[in-house]
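Examination of the molecular architecture
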Amino acid sequence: MPGAAARGGAWQFEPLEKRILLSADPVQFLATLTDIDGDGVDEVIVGTHDAEQAGEQRGEVRVLSGADGSVLHTFAGEGQDSRFGWAVGDGGDLDGDGVHEIAVGAPGDGTLTFFSGSTGEVLVTLAGGQAGDGFGSSFAAAGDLNGDGYADWLVGVPGSDAASADGGEIQAVSGQWLADAASTDAGAGDYLLDVWSGAAPGVQVGSTLVALGDLDGDGDEDFAFGSAASGTLTLASWDNGGLQTQRVISGAGAVLAPVDDLDGDGIGDLLVGAPLAEGAGGEQAGSVTALS
């Protein structure tokens, strides 16, 4: 394990700031990326959505070697308050060159961009349809939803007014369309497979989202959608060609992370963070809940 050594039966890690904090801007979002430089070690994607470029808070994303922390790619936002790097992740291999891409959300601009892991060039950019809708605030690889052999994607749009004011929505995006667009600069037809909308005004569903795999063994992909505004957690699955609500949990929190099976039932579990949850003394101490 790079940067760690076993001493006295316990793991001791090098301070992370020595390896990834390469500027004065604080690191805000991290994600792992399948090895792109061929050294056999996965990389780290670092998002800093308020990093300054040309005197403006445009945001920045760096891809760092998992082996030695060296910078492999650097990407910068294009406009003031674009919040470029608000969400980052492994973009899969869209162009078929054997190297995974880097996916970056910029909800201030309302975009989700896939950069080539090989060259750093822009392969495809998706844009929200409504100014200020926060398209790209969250995203997740969703597996092959429609059976066409391509991995599809979910994108969170928490400021969408489609069903109600700031109710938010989740867009299911065709992986085949993305692959076509990455290869030919023109995806064929509509890229949307489905749109799931939050019903209540101000809920802002899609602030966060995670793919959970097939939790219940029914052959359908399962997902969790978080709402930063209300703390509502929605569990949904892909069924009959669309996203279907399975369960809604109020006051759970909005920061989501899937984890391995914690309770021994053979099914992965979910951690839900509520950073503003009140503690026993009434202060905003925050909380983390593990859900089976």
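Residues numbered from 1 in each chain as written. Predicted model: local features only at pLDDT ≥ 70, side-chain atom pairs only at ≥ 80, totals over all residues. Heavy atoms only, no water.

**Concerning the sheet that holds strand β11 (residues 111–115)**
Quick note on the threshold: By this definition, two strands are paired if DSSP reports at least two bridges between them. Runs of E in the DSSP output that reach at least two residues are strands. Runs of H or I that reach at least four are helices, and both are numbered from the N terminus. Axes here refer to lines fitted to C-alpha atoms; in helices the fit is confined to the stretch in contact. Angles between the N-to-C directions go from 0 to 180 degrees. Two residues qualify as a contact provided that any one of their heavy atoms is within 4.5 Å of a heavy atom in the partner residue.
Pairing is antiparallel across the open sheet formed by 4 strands, whose spatial order is β9-β10-β11-β12. Looking at the sheet topology across the chains shown, the edges are occupied by β9 (87–90) and β12 (122–127). Neighbouring strand axes in the sheet, compared pairwise and without regard to direction, differ in orientation by 15 degrees on average. Relative to strand β10 (residues 102–106), β9 is paired through 4 bridges, and the arrangement is antiparallel. Bridge pairing links V88 to V104 in β10. Across the sheet, helix α1 (residues 175–184) is in contact with β11 and β12; its angle to β12 comes to roughly 130 degrees.

**Observations regarding the confidence of the model for the protein**
What counts here: You can read pLDDT as the predictor saying how much it trusts each residue, on a scale of 0 to 100.
Of the residues in the protein, 84% reach a pLDDT of 70 or more, and the chain-wide mean stands at 83. Of the regions scoring below 50 in pLDDT, residues 1–24 engages in 35 contacts with residues more than four places distant in sequence or in other chains.

**Focus: the sheet that holds strand β14 (residues 152–157)**
With antiparallel pairing, 4 strands are arranged side by side in an open sheet as β13-β14-β15-β16. In this open sheet, the two strands that pair with only one neighbour each are β13 (138–143) and β16 (192–197). Across the sheet, the mean angle separating the axes of adjacent strands is 20 degrees when strand polarity is ignored. As judged from the 5 bridges shared by β14 and strand β15 (residues 169–173), these two strands associate in the antiparallel manner. Across the sheet, residue G156 finds its bridge partner in β15, namely I170.

**Looking at the side chain of E43**
What counts here: Throughout this description, buried means an accessible area under 20% of the type-specific maximum (1.4 Å probe, protein chains only), exposed means over 50%, and partly exposed covers the range between. Any pair of N or O atoms that falls within 3.5 Å is considered a polar contact. Within protein, one atom must be able to donate a hydrogen and the other to accept it, and sequence-neighbouring residues count only if both atoms are side-chain atoms.
Along the polypeptide, E43 turns up in strand β4 (residues 43–48). Judged by relative accessible area, E43 falls into the buried class, the value being 1%. Reaching out from E43, the side chain makes a polar contact with the backbone nitrogen of D37 at a distance of 3.4 Å. At a separation of 2.9 Å, a polar atom in the side chain of E43 contacts the main-chain amide nitrogen of G66.

**Considerations on the pairing of β10**
Most of β10 sits inside the fold, with 5 of its 5 residues counted as buried. Side-chain alternation along β10 places I102, V104 and A106 on one buried face and A103 and G105 on a second face that is also buried. Pairing of β10 with β11 involves 5 bridges; the strand directions are antiparallel. When the bridges of β11 are listed, A106 appears paired with T111. The hairpin turn running from β10 into β11, its antiparallel successor, is 4 residues long, and G110 in that turn takes a positive phi close to 75 degrees.

**What about the packing of aromatic side chains?**
The condition that has to hold: Within 6.5 Å between ring centres, the rings of Phe, Tyr and Trp (the latter by its six-membered ring) count as paired, and their orientation is classed by plane angle as stacked under 30 degrees, edge-to-face over 60, tilted in between. Placement of a positive charge over a ring is assigned whenever Lys NZ or Arg CZ falls within 6 Å of the ring centre and within 35 degrees of the normal to the ring plane.
Applying the stated criterion across every chain, the model contains 7 aromatic pairs. Between F75 and F115, the aromatic rings sit 4.1 Å apart at their centres with planes inclined by 20 degrees, giving stacked as the arrangement. Note that F75 is positioned in strand β8 (residues 71–76) and F115 in strand β11, a separation of 40 residues in sequence. Put simply, the rings of F75, F84 and F115 pair up and form one aromatic cluster. If you follow R83 out to its NZ or CZ, it ends over the ring of W86, 5.2 Å from the centre.

**Here we look at the pattern of salt bridges**
Where we set the bar: By salt bridge we mean one thing: a side-chain nitrogen of Lys or Arg within 4 Å of a carboxyl oxygen of Asp or Glu.
With the rule as written, the count across this model stands at 1 salt bridge. E60 is paired through a salt bridge with R62; the nearest N and O atoms lie 3.4 Å apart. Grouping residues by exposure puts E60 and R62 together as buried.

**A few points about a negative patch on the surface**
We count it as follows: Patch membership requires over 30% relative accessible area and the absence of a salt bridge. Like charges are linked within 9 Å, and nonpolar side chains (Val, Leu, Ile, Met, Phe, Trp, Tyr) within 5 Å. Accessibility throughout is a Shrake-Rupley quantity obtained with a 1.4 Å probe, and a residue counts as covered only by protein chains that appear here. Residues scored as positive are Lys and Arg, those scored as negative are Asp and Glu, and His as well as the terminal groups of each chain are ignored. For the purpose of locating charges, the reference atoms are NZ of Lys, CZ of Arg, CG of Asp and CD of Glu.
Residues D260, D261, D263 and D265 make up a contiguous surface patch of negative charge. Considering the arrangement of structural elements, one finds D263 in the loop between β21 (255–259) and β22 (269–274).

**Describing α1**
Where α1 is concerned, the buried positions are G175, W177, L178, A179, A181 and A182. In the core, the buried residues of α1 are packed alongside β11, β12, β14 and β15. You can read the cap of α1 off the contacts: a side-chain oxygen lies 3.3 Å from the backbone nitrogen of Q176, and it is on S174.

**So, the environment of H100**
Summarising the element assignment, H100 is placed in the loop between β9 and β10. The partly exposed category is assigned to H100, whose relative accessible area is 24%. Between the C-alpha atom of H100 and that of T34, which follows or precedes it by 66 residues, the distance is 6.4 Å. Beyond its immediate stretch of four places on either side in the chain, H100 contacts L33, T34, I36, D90, G92, D93 and G117.

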